[in-house]
Amino acid sequence: MQNPFENALKQLEKAANIMNLDKNVHAILKQPDRVMAVSVPVKMDNGEVKVFTGFRSQYNDALGPYKGGIRYHENVSLDEVKALSFWMMVKCATVNIPMGGGKGGIIVDSKKLSEGELERMSREYVRKIWREIGSDKDVPAPDMYTTPKIMGWMRDEFEKLVGHSDPGVITGKAIADGGSEGREQATAQGGVYVTRELMKKLNLKANETKVAIQGMGNVGGFMAKLLAADGFKIVALSDSKGGVYNPDGLDLDKVFVHKEKIGSLSGMDGVQNVSNAELLELPVDILVPSAMENQITSDNADKIKAKIIVEMANGPTTPEADEVLSARGIVVVPDVLANAGGVTVSCFEWEQNVKDQKWSEAEVLAKLEPIMVNAFNEVWETKDKYSVPMRTAAFVKAIERVASKIKV
Ligand code: NAD
């Protein structure tokens, strides 16, 4: 198992070498500004106290308050949280929003907790870190197995502790609780804006372009609908159990109704059933991983037939696979750019809370589009300038931006 933080440091080093990063700034960026490891004792429903371990890594706030989700998962580790906070710094800087990088987590299988236990754990975690968070310091958000409801409890606990209202302390809240319109489809919408720019650069037409999407949750589901509305031919779509494929294009309404009714994609007429592994190797123009990390690896990178990969999931391509794809001339739009629409609208939520404003969905999307378009074009220019893949270009651009604000 690769250590994610070591991978992050390797990526930093690669970018630093290309851009000739000042060695003092490089040294500063090799470590998070602050890491908190906290014990989270919870009175369980049976009266026993169980002590969980939580973390919050604040990587760098040169561009604005630390920003990043809180993950509840058994595999959470300090190195994972540190790496994720580094990648959040890169993501926020890639799209040039006024946020730094942060990430948190608790080692827990939260599906085994009752609602009461979950609430007590979430509130206790905030009691351990509240002095270091706030709308002007560090703004957490949901991540794996954390929800708008949990964000609501955390905000409430924080406000009790500081003694005043601060809705911008946390994002990903329910709309009624100060959440932003447009957040639900923001990640996919951002991915679509970026894909449109790429199509222009490569002189491709949507109606001649076949797309396979792995995952049909929030990101994959919206991605399918929005790309289809642009005229793309969605030929494959999957959930955790497998996918469906029709080389002539799927009837998306039928696919979503079937999934809703049956709970899976099996048993549909007029389609071929494919496994998630097979979906990745279909003869398509664009592949959109929108589910899990580590899907494109050294085992299958040489079998991918798509010419373009738009990484909507976080970390779907391993570093080894990246080398293979790059050597094969496959264009990879990296996660830090492709899926940054989500954090951008989280930043909008924070901004609305801090300024006591409420923006409509149309306003949110109108602000999102130029941010994604500019970020894409900057990464594209950086790629050409240094003759590197888009992922390296995004890291170079992001680190340039962070470095310009670090005084040594
Ligand atoms: P989700 O839980 O709504 O959907 C996940 C989808 O993946 C589901 O369709 C599920 O069936 C499928 N899936 C689960 N296990 C799978 C497997 N082993 N193989 C193939 N498919 C599998 O999650 P989401 O919010 O759509 O997030 C998807 C990805 O996008 C994640 O990597 C997430 O980190 C990333 N992401 C999400 C957002 C966001 O705003 N939701 C923002 C940035 C990045």
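Residues numbered from 1 in each chain as written. Predicted model: local features only at pLDDT ≥ 70, side-chain atom pairs only at ≥ 80, totals over all residues. Heavy atoms only, no water.

A. Highlighting the overall build of the protein chain. A count of helical and extended segments in the protein chain gives 14 helices and twelve strands. In terms of its C-alpha atoms, the protein chain occupies a principal-axis envelope of roughly 60 × 55 × 45 Å. Counting only residues that meet the buried cut, the protein chain has 57% of its 408 residues in that class. Considering only contacts within the protein chain whose residues lie at least 6 apart along the sequence, 68% involve residues at least 24 apart. (Helix = DSSP H or I, 4+ residues; strand = E, 2+ residues; numbered from the N terminus. Buried < 20%, exposed > 50% of the residue type's maximum accessible area, 1.4 Å probe, protein only. Contact = heavy atoms within 4.5 Å.)

B. Region of the structure containing helix α14 (residues 390–403). Under the 1.5 Å per step criterion, the end-to-end length of α14 is 20 Å for 14 residues, consistent within 8% with the ideal 20 Å. Summarising burial for α14: 13 of the 14 residues are buried, a large majority. (Expected span 1.5 Å × (residues − 1).)

C. Structural detail: the packing of helix α3 (residues 78–94) against α14. As a packed pair, α3 and α14 sit with axes 8 Å apart at the nearest point and diverge in direction by 85°. With respect to α14, the axis of α3 lies roughly perpendicular. Of the residues in α14, those in contact with Phe86, Trp87, Met89, Val90, Ala93 and Thr94 of α3 are Ala394, Phe395, Ala398, Arg401 and Val402. (Axes fitted to C-alpha atoms, helices over the stretch in contact; angles between N-to-C directions. Parallel < 35°, antiparallel > 145°, perpendicular 65-115°, else oblique.)

D. Structural view of the environment of Ala83. By the secondary structure assignment, Ala83 is in helix α3. Taking relative accessible area as the criterion, Ala83 reaches 0% and is therefore assigned buried. Residues Ala83 and Pro32, spaced 51 residues apart in sequence, show a C-alpha to C-alpha distance of 9.2 Å. With sequence-adjacent residues up to four places away left out, Ala83 is seen in contact with Pro4, Phe5 and Ala8.

E. Local environment of the side chain of Thr209. Position of Thr209 relative to the elements: it lies in the loop between α6 (183–201) and β6 (210–214). Excluding its chain neighbours within four sequence positions, the residues that come into contact with Thr209 are Met199, Phe232, Lys233, Asp285 and Ile286.

F. Just the state of the cysteines, in detail. Tallying each qualifying case throughout the model produces zero disulfides. Here Cys92 stays free of any disulfide, with the sulfur of Cys347 as its closest cysteine sulfur at 7.5 Å. Residue Cys92 is classed as buried on the basis of its relative accessible area, which comes to 0%. (Disulfide = S-S within 2.5 Å.)

G. A look at the environment of Ala362. Here Ala362 shows up in helix α13 (residues 361–386). C-alpha separation for the pair Ala362 and Ser275, spaced 87 residues apart in sequence, amounts to 37 Å.

H. Region of interest: the site of the ligand. Contacts to the ligand come from 18 residues, most closely from Thr187, Met216, Asn218, Val219 and Ser240. Between the ligand and Met216, the relevant distance is 2.9 Å, taken from an oxygen atom to a main-chain nitrogen or oxygen of the residue. Note that an oxygen atom of the ligand is positioned 3.1 Å from one of the backbone N or O atoms of Ala291. Going through the elements one at a time, α6 and α7 (218–229) are the ones with two or more residues in the shell around the ligand. Residue composition of the shell around the ligand, by class: six nonpolar, ten polar and two charged. (Near = heavy atom within 4 Å. Polar contact = N/O pair within 3.5 Å; in protein donor to acceptor, adjacent residues only side chain to side chain. Nonpolar A, V, L, I, M, F, W, Y, C, P; charged D, E, K, R; others polar.)

I. Focus on the pattern of salt bridges. Counting across every chain of the model gives 30 salt bridges. Among the ionic pairs, Glu115 bridges to Lys149, the shortest N-O distance being 2.7 Å. Here Glu115 is found in helix α4 (residues 115–129), whereas its partner Lys149 is found in helix α5 (residues 148–162), with 34 residues between them in sequence. A relative accessible area of 45% means that Glu115 is categorised as partly exposed. A relative accessible area of 46% places Lys149 in the partly exposed class. Between Arg127 and Glu157 there is a salt bridge, with the nearest N and O atoms lying 2.8 Å from each other. (Salt bridge = Lys/Arg side-chain N within 4 Å of Asp/Glu carboxyl O.)

J. Structural context of the pairing of strand β1 (residues 34–43). Sheet topology places β1 next to strand β2 (residues 49–60); ten bridges connect them, and they run antiparallel. Considered in β2, the bridge of Met36 is made with Arg56. The hairpin turn running from β1 into β2, its antiparallel successor, is five residues long, and Gly47 in that turn takes a positive phi close to 95°. (Pairing = 2+ DSSP bridges.)

K. Local environment of the packing of aromatic side chains. Following the criterion strictly, the structure yields five aromatic pairs and no others. Where Phe5 meets Tyr59, the ring centres are 6.3 Å apart and the plane angle is 55°; that geometry is what we call tilted. A residue pair is termed long-range when its members are at least 10 positions apart, and Phe5 in helix α1 (residues 4–19) and Tyr59 in strand β2 qualify at 54 residues. Given the relative accessible area of 8%, Phe5 is considered buried. Connected via pairs of aromatic rings, a cluster forms that spans Phe5, Tyr59, Phe86 and Phe395. (Phe/Tyr/Trp six-rings, centres within 6.5 Å; stacked < 30°, edge-to-face > 60°.)

L. The arrangement of helix α12 (residues 341–355) in detail. Across its 15 residues, α12 extends 21 Å between first and last C-alpha, which sits within 8% of the 21 Å expected from 1.5 Å per residue. In terms of residue burial, α12 counts as a mostly covered element, since twelve of its 15 residues are buried. Of the positions making up α12, those classed as buried are Gly341, Gly342, Val343, Thr344, Val345, Ser346, Cys347, Phe348, Glu349, Trp350, Gln352 and Asn353. Of the residues one or two after α12, Asp356 is the one with positive phi, at around 55°.

M. Molecular detail of unusual backbone geometry. Although it is not a glycine, Asn96 sits at a positive phi angle of roughly 60°. Its relative accessible area of 47% is what places Asn96 among the partly exposed residues. Non-glycine residue Asn203 carries a positive phi angle of around 60°.

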